[in-house]
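The lines below spell out each chain.
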Amino acid sequence: MADTVDLNDLMDLDDIVDEQEMSEAMAKAKTEQAAIMEQFEKRKKLRSIAVPTDDTKVRAKLRELGHPITLFGEGPAERRDRLRHLISQMDGVTVTFDDESDSEGEEEEVYWTAGTDELLHARQWMANYSLRRARRRIARQRIEFDTPMSVYKSLRRDLYADLKTWTPVASQIVDERPTSYVSFAPNSQTLASGSFSGAIKLWSVPHCKPLGELRAHRDRIGGIAWHPRATVGQSESACNLASGGADHAVHLWSLDGRETPLASLVGHTDRVSRIAFHPSGRFLATTSFDQTWRLWDVETGASLLEQDGHARQVYCIAAHPDGSLVATGGLDGLGKLWDLRTGRNVLNLQGHLRQVLAADFHPVSGYHLATGSEDNTIKVWDLRAVRCAHTIPAHTSLVSQVKYFAAARLPTAARDLRGPNAGKYTRGCAGTSGMFLVSGGFDGVVSIWSDSDYKPLKALKGHAGKVMGIDVSPDAEYLVSAGYDRTFKLWGGSAQPATEDAAAA
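Every residue gets a number counted from 1 within its own chain, in the order that chain's sequence is written. A pLDDT threshold of at least 70 governs which residues receive local features in this predicted model, and a stricter bar of 80 or more applies before side-chain atom pairs are shown or counted, although totals over entire chains, interfaces and linings include all residues. The side-chain values count all of the structure's non-hydrogen atoms but skip hydrogen atoms and water molecules.

Chemist: Now, about the overall build of the protein chain: what can you tell me, with residues and values included?
Modeler: Counting its secondary structure elements, the protein chain contains nine helices and 28 strands. Relative accessible area decides the class of each residue, using a 1.4 Å probe on protein chains only: under 20% of the type maximum gives buried, over 50% gives exposed, and in between gives partly exposed. Taken over 505 residues, the protein chain has a buried fraction of 49%. Of the roughly 25600 Å² of accessible surface on the protein chain, 51% is carried by carbon and sulfur atoms. Secondary structure is summarised from DSSP: a helix means a run of H or I of at least four residues, a strand means a run of E of at least two, and numbering begins at the N terminus for each. Using a 1.4 Å probe, accessible areas were evaluated by the Shrake-Rupley method; residue-level cover was limited to the displayed protein chains.

Chemist: Which residues make up the sheet that holds strand β5 (residues 210–215), and what values go with them?
Modeler: In this scheme, strands are said to pair when DSSP sees at least two bridges between them. The antiparallel open sheet is built from four strands, whose spatial order is β2-β3-β4-β5. In the strand order of this sheet, the two ends are held by β2 (179–184) and β5, each with one partner. For this sheet, the mean angle separating the axes of adjacent strands, direction not counted, is 20°. Working convention: axes come from line fits to C-alpha atoms, limited for helices to the stretch in contact. Angles between N-to-C directions cover 0 to 180 degrees.

Chemist: How would you sum up the nonpolar core? Please name residues and give values.
Modeler: As used here, the term nonpolar core means buried Ala, Val, Leu, Ile, Met, Phe, Trp, Tyr and Cys residues forming a set that is joined through side-chain atoms within 4.5 Å. Within the largest apolar cluster, 24 residues are counted, with the highest numbers of intra-cluster contacts made by Leu-159, Leu-163, Phe-436, Val-438, Val-446, Ile-448 and Leu-479. Elements supplying a minimum of two residues to this core: α7 (149–163), β23 (436–441), β24 (445–450), β25 (456–461) and β26 (467–472). Among the elements that line this core, the one with the most residues is α7, at six residues. Residue contacts are defined here by distance: any two heavy atoms, one from each residue, within 4.5 Å place the two residues in contact. Not counting residues within four places of it along the chain, the set of residues in contact with Ile-448 comprises Leu-163, Phe-436, Leu-437, Val-438, Lys-455, Pro-456, Leu-457, Lys-458, Leu-460 and Leu-479. Core analysis: the second largest hydrophobic core is formed by 18 residues, Ala-318, Leu-325, Leu-337 and Val-356 among them.

Chemist: Just give me the short version of the sheet that holds β26, but keep the residues and values in it.
Modeler: Pairing is antiparallel in the open sheet, where four strands are placed in the order β1-β28-β27-β26. Here the strands that pair on one side only, and so sit at the sheet edges, are β1 (167–173) and β26. Across the sheet, the mean angle from the axis of one strand to that of its neighbour is 20°, orientation sign disregarded. Direction of pairing for strand β27 (residues 479–483) relative to strand β28 (residues 487–492): antiparallel, over a ladder of four bridges. By the bridge assignment, Ser-481 is partnered in β28 with Lys-489.

Chemist: Give me the lowdown on the environment of Glu-236, citing residues and values where you can.
Modeler: Turning to its location among the elements, Glu-236 is positioned in the loop between β6 (221–226) and β7 (241–245). Taking the C-alpha atoms as reference points, Glu-236 and Trp-253, 17 residues apart in sequence, are found 9.5 Å from one another. Excluding residues within four positions of it along the chain, Glu-236 makes contact with Ser-254, Leu-255 and Asp-256.

Chemist: Give a detailed account of the pairing of strand β8 (residues 250–253), specifying residues and quantitative values.
Modeler: The two faces of β8 match: Val-250 and Leu-252 on one face and His-251 and Trp-253 on the other face are all buried. Pairing of β7 with β8 involves four bridges; the strand directions are antiparallel. Across the sheet, the residue bridging to Leu-241 is Trp-253, located in β8. Where β7 folds back onto β8 in an antiparallel hairpin, the turn is made up of four residues, including His-248, whose phi is positive at roughly 75°.

Chemist: Could you give an account of helix α6 (residues 117–146), with specific residues and numbers?
Modeler: Each helix should span, by expectation, one fewer than its residue count multiplied by 1.5 Å. Between the first and last C-alpha of α6 there are 44 Å, a value that for 30 residues agrees with the 44 Å anticipated at 1.5 Å per step. Along α6, the positions that sit buried rather than exposed are Leu-119, Ala-122, Arg-123, Met-126, Ala-127, Tyr-129, Ser-130, Ala-134, Arg-137, Arg-140 and Glu-144.

Chemist: For the packing of helix α3 (residues 55–64) against helix α4 (residues 76–88), give the residues involved together with the corresponding values.
Modeler: Contact geometry of α3 with α4 gives a least axis separation of 10 Å together with a crossing angle of 40°. In terms of axis orientation, α3 runs oblique to α4. Viewed along their axes, α3 and α4 form a crossing whose handedness is left-handed. Contacts from Asp-55, Val-58, Arg-59, Lys-61 and Leu-62 in α3 reach Pro-76, Arg-79, Arg-80, Arg-82, Leu-83 and Leu-86 in α4. For this classification, the nonpolar set comprises Ala, Val, Leu, Ile, Met, Phe, Trp, Tyr, Cys and Pro, the charged set comprises Asp, Glu, Lys and Arg, and every other residue, Gly included, is treated as polar. Grouping the constituent residues of the contact of α3 with α4 by class yields five nonpolar, no polar and six charged. For classification purposes, angles smaller than 35 degrees are called roughly parallel, those larger than 145 roughly antiparallel, those between 65 and 115 roughly perpendicular, and all remaining angles oblique. The hand of a helix crossing depends on one turn: near helix anticlockwise from the far one by less than a right angle means left-handed, and clockwise means right-handed.

Chemist: Give me the side chain of Asp-297: which residues, what numbers.
Modeler: With respect to the helices and strands, the residue Asp-297 is situated in strand β12 (residues 293–297). The charge count includes Lys and Arg as positive and Asp and Glu as negative, but it does not include His or the ends of the chains. When a carboxyl oxygen of Asp or Glu lies within 4 Å of a side-chain nitrogen of Lys or Arg, that pair is called a salt bridge. The buried charged residue Asp-297 lacks any salt bridge, with Arg-282 as its nearest oppositely charged partner at 4.6 Å. Those residues in contact with Asp-297 that sit more than four places away from it in its chain are Arg-282, Phe-283, Ala-302 and Leu-304.

Chemist: Outline the packing of aromatic side chains, supporting the account with residue identities and numerical values.
Modeler: Each aromatic pair joins two rings of Phe, Tyr and Trp (for Trp, the six-membered one) with centres within 6.5 Å, and gets the label stacked for planes under 30 degrees apart, edge-to-face for over 60, and tilted for any other angle. One pass over the full model with this rule turns up seven aromatic pairs. For the pair Phe-289 and Tyr-315, a centre-to-centre distance of 6.2 Å together with 55° between the ring planes defines the contact as tilted. A residue pair is termed long-range when its members are at least 10 positions apart, and Phe-289 in the loop between β11 (283–288) and β12 and Tyr-315 in strand β14 (residues 314–319) qualify at 26 residues. An identical accessibility class is assigned to Phe-289 and Tyr-315; each is buried. Through pairs of rings, three or more aromatic residues link up here, namely Trp-125, Tyr-129 and Phe-283. Note on geometry: a ring has a charge over it if NZ (lysine) or CZ (arginine) is within 6 Å of the ring centre and within 35 degrees of the ring normal. Taking the ring centre of Phe-196 as reference, the NZ or CZ of Arg-220 above it sits at 4.2 Å. The aromatic ring of Trp-125 is capped on one face by Arg-282, whose charged end is 4.8 Å from the ring centroid.

Chemist: Could you give me a rundown of the confidence of the model for the protein chain, with the residues and numbers involved?
Modeler: Across the protein chain, pLDDT averages 87, with 86% of residues at or above 70. Along the chain, pLDDT gives the predictor's confidence residue by residue, from 0 to 100. Contacts from residues 100–108, a stretch scored under 50 in pLDDT, to residues over four places away or in other chains number zero contacts. Across residues 496–505, confidence stays below pLDDT 50; counting only partners more than four residues off in sequence or on other chains, it has nine contacts.

Chemist: Hey, could you go over the environment of Thr-300 for me, with residue numbers and the actual values?
Modeler: Tracing the chain through its elements places Thr-300 in the loop between β12 and β13 (303–307). Its relative accessible area of 58% is what places Thr-300 among the exposed residues. Considering only alpha carbons, one finds Thr-300 and Phe-283, 17 residues apart in sequence, at a separation of 9.9 Å. Each polar contact in these results corresponds to two N or O atoms within 3.5 Å; when the atoms are within protein, one needs to be able to donate a hydrogen and the other to accept it, and residues that are neighboring in sequence are counted only if both atoms are side-chain atoms. At 3.3 Å, the side chain of Thr-300 forms a polar contact with the backbone nitrogen of Ala-302.

Chemist: Break down the pattern of salt bridges for me, with residues and values.
Modeler: In the structure shown here, the tally under the stated rule is 18 salt bridges. Arg-79 serves as the salt-bridge partner of Glu-74, at 3.6 Å between the closest nitrogen and oxygen. For the pair formed by Glu-74 and Arg-79, the shared burial category is buried. Salt-bridge contacts for Asp-162 lead to Arg-427; the nearest nitrogen and oxygen are separated by 2.8 Å. Of the two residues, Asp-162 is situated in helix α7 and Arg-427 in the loop between α8 (413–417) and β23; the sequence distance between them amounts to 265 residues. Among the ionic contacts, a cluster of salt bridges with common partners joins Asp-55, Arg-59, Glu-74, Arg-79 and Arg-82.

So this is what it looks like as structure tokens:
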């Protein structure tokens, strides 16, 4: 009689075999999986550790922890990563920074300053003005949304092909001291330059012949701004130009040959770094090393608003094309967005590792803002998504200025987006407004970047030193750069590019 086999015995035998003969491949896979999960946890922990962007605080904390404050070839970003890694290895230890509690207290503190009736009326006026412009912008964007993509592709293709051919056109010695700022007039035929000596000079474009000199500043020129209607309808005896300098002064100038300013705006207690007109031309915004920015009434010369908020000096300022917002950049490494209609700080732009030195709004979209920094990068912020949309490793030294191309007029459906001329490129045509960005840096290079993807189109080299400032003429015929080598240089194409239709003819 055959022996019977107990099935339970067979099951027990299989279990014993599985336990004793586990494959080495399975064990190795489990070990690798555990290592990967451990690595993920480490990365998650690293991302959750907050380390200040102030390099001085990072060095102080490294010294406190008994580690070298700097290693050979290590920059601020690498030093922050090293500190973050060290903190992640300190299990059960809470690392704090000296000013964290103070900064939290400051953030919770809200205080109000009584405003004048003039400020109230100005805010009401700017609210009505900006709402009208925003309504027109949104209506235009709806039309643009229905415009065939081929129109924009054709414009971009021809525009970028043209920009890649740009070369030096002229070079002009400005002063015995470095050139600090340059700006085209709205008619594209006049150029204003400022220098470290405090002199402002007017030049013809493109022949670079001197047209006049404005002297009132006793120290370097920080910023020059043309009135939006200067040279294209504004009376020469009215305010056409504004300037700010390291002598704490802001001056308003006419173009009728008057040797003294129309008015001097007094209030800042330190160097005035940058200035910008409101799109209406009725107000002027200025930034200063006294850690404030101010809003002035151009007609009366009154200081309507003195705004603090940056932890260090305020360097740059830009006005939104609708006239509703201004953006400021400071030496504290922050960009800030302010609502002119309420006076509130509506957004803090955190991302730059070092000082924010330049800012400019996209002239058409209304929701893109470009900022340049001492960390050698340009960041393009999407204000709708409240995030940085692009980071451009722009220069090998600090970025001194950024500027979107803004055409003399905004595109319209009848003239630019529809009909037989839609998609046909000519320099300065309204359809190309905002399609490229220009930057200047202390590496001596002027760079041109495409819009949307922000790819490099052209690097213009010619200055013997730092590029202090740049601008693009509203007709897109020329680009100008101010150099520490005491010159300004004009760049442009030698001739109007031929379109495909013209070439075929």
